[in-house]
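Okay, here's what each chain looks like letter by letter:
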Amino acid sequence: MADPIFRAPKGTHDILWPESARRRALTAVFADIVEGAGYTEVVPPMFEHVEVFHRLGDATDVVRKEMYDFLDKGGRHIALRPEQTASIVRAFSEHRPTVPWKAWYEGPNFRYERAQKGRFRQFDQVGVEALGPEDAHLDAEVIALAWLFYERLGLRRVTLMLNSLGGPLDRARYVEALRGHFSSDLDALSADSRTTLAVNPLRVLDSRRPEDADLVAAAPSMLDHLSDDAAAHFERVQAALDSLGIPYMIAPRLVRGLDYYVRTTFEFVAEAFDAAQNAIGGGGRYDGLAEEMGAPATPGVGFALGVDRTLMACDAEGVFDAPTTTVDVFVVDTTGGDQALSLTDELRRAGLRADRAWDARSMKAQMRAADRSGAALAVIVGEAELESGMVALRDMRGDAGQETIHRSSVIDTLLARLQ
RNA sequence: GUGGCCGUAGCUCAGUUCGGUUAGAGCACCUGGUUGUGGUCCAGGGGGUCGGGGGUUCAAAUCCCCUCGGUCACCCCA
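Since the model is a prediction, treat every value here as computed from it, not as a measurement.

Our focus in this paragraph is the protein's contact with RNA strand B. Inspection of the region around RNA strand B gives 48 residues, with Arg7, Arg119, Arg203, Gly257 and Gly382 positioned closest. Here, RNA strand B places atoms within 4 Å of the protein, and 61% of those atoms are sugar or phosphate. Interatomic distance of 2.8 Å between a side-chain N/O atom of glutamate 113 and a base nitrogen of RNA strand B. Within the contact set of RNA strand B, a sugar or linking oxygen lies 3.0 Å away from a backbone nitrogen or oxygen of alanine 279. If you list the elements that add at least two residues to the surface near RNA strand B, you get strand S6 (122–131), strand S10 (279–285), helix H14 (363–373) and strand S14 (377–381). Looking at which element gives the most residues to the surface near RNA strand B, the answer is H14, with seven residues. Looking at side-chain class alone, the surface near RNA strand B contains 13 nonpolar, eleven polar and 24 charged residues.

Here is the structure:
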């Protein structure tokens, strides 16, 4: 292939129509659902002081090796956001809105890592964050909203994985139990997992390396280490999901990559596509994060859904198709182009979606362009029509054929036909 | 950061094993067949420094080395 001079940087790509339109439609579906549930949009900056993201946990890969950071001209240490929860909670801490504060967002995130299927250096997420209430029903609400979103898209093969990490103290006790378990048979662990064990024992549960499988399967369960409070909260979340008719699988080994999670954690897995990255969304509770950002202690719960991966799942299930056209009418003018110029403008002013051909090409070439545009109707102006003050209106989709109408009635006719 | 696979027209690929006439196909695009009418069909046409660099050879898309890029997987995550 002849190499272009420039190409999109590693791990990034251009999204051309119609995929771009599909993404916009997906975001619109999401916005419709969450705004209708009382969530308001927040648009945080795409970069923050790097310390904001250090609150995600110094042991996480996101912070340790995937940060897209740089010094700006003022010497500030800046990082492109790897996710948006930290930014939203920072904004909460900065503006102190009254609680409950229910926010939603969409937009790109950045992580410096090697790209593969479903994993990019710039990727879009949509998500919600709800701060204030400690109510387990709020955990259920955000899960239900994500569930509704998948339903609206037409996705059917999504599994909700649910776990509880307990409170901070439960979590610490559990980490010790895990450390003990894995340390008892270090030789059986892969080298990578031994390294992980030293940094963050929870992460070992995530290992996909076959040699670790037995030891991971035999590991103690988080659910046996929950305090009474945490266990009660988890019970209430499950009861709420049950009453809402949302199916889930308890996943005691579901560990999420960010250290701020406590109590409820969840993940949405697409069963329909076989990539290694089959998690299309995830979230959980982060009751300590607001305090870490300098706000009064405020519980929070939320999720982020990967737009790219969700669309891949839609592809795998053959749902949520891309649009096939952007215009309804196409203007063909073989009299030099002045008619196309004025007619197209009139149609657009009347609210019609209209396009036209260029360069005064032949009737055949213009009709081909009309066909390709996907427009349902073509308005044709040739010499004969120009002289008689008429235009030809041709059905490009069905078999309604072609009729000749007065030019002055073209807008009314089109509006009626496209109704 | 580590490993596997792959780079030939805008796209999907053949040709590379056993180097050898002007490097091919389908799709897409343009023109014509149709002196006004697309989607089917027919004919013709434009478009490629065979990712880049170096080497071996009379001769390299084809063999060797380096490099860049893509992709998939690990790590980890959306």
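From this point, the narrative continues.
Here we come to the domain arrangement of chain A. When the parts come together, some accessible area is lost, and that loss is often what is quoted as the size of the interface. One can read the domain layout of chain A as domain 1 (4–167 + 227–317) and domain 2 (329–417). If you average the C-alpha positions of domain 1 and of domain 2, the two centres end up 47 Å apart.

Across the seven residues that make up strand S7 (residues 158–164), a large majority, seven, are buried. Of the two faces of S7, the one holding Val158, Leu160, Leu162 and Ser164 and the one holding Thr159, Met161 and Asn163 are both buried throughout. Note: S7 against strand S8 (residues 249–250), two bridges, orientation parallel. Pairing of methionine 161 across the sheet is with methionine 249, part of S8.

Criteria and cut-off values
Residues numbered from 1 in each chain as written. Chains lettered and ligands numbered in written order. Predicted model: local features only at pLDDT ≥ 70, side-chain atom pairs only at ≥ 80, totals over all residues. Heavy atoms only, no water. Near = heavy atom within 4 Å. Polar contact = N/O pair within 3.5 Å; in protein donor to acceptor, adjacent residues only side chain to side chain. Helix = DSSP H or I, 4+ residues; strand = E, 2+ residues; numbered from the N terminus. Nonpolar A, V, L, I, M, F, W, Y, C, P; charged D, E, K, R; others polar. Domains from an automatic or database assignment. Buried < 20%, exposed > 50% of the residue type's maximum accessible area, 1.4 Å probe, protein only. Pairing = 2+ DSSP bridges.

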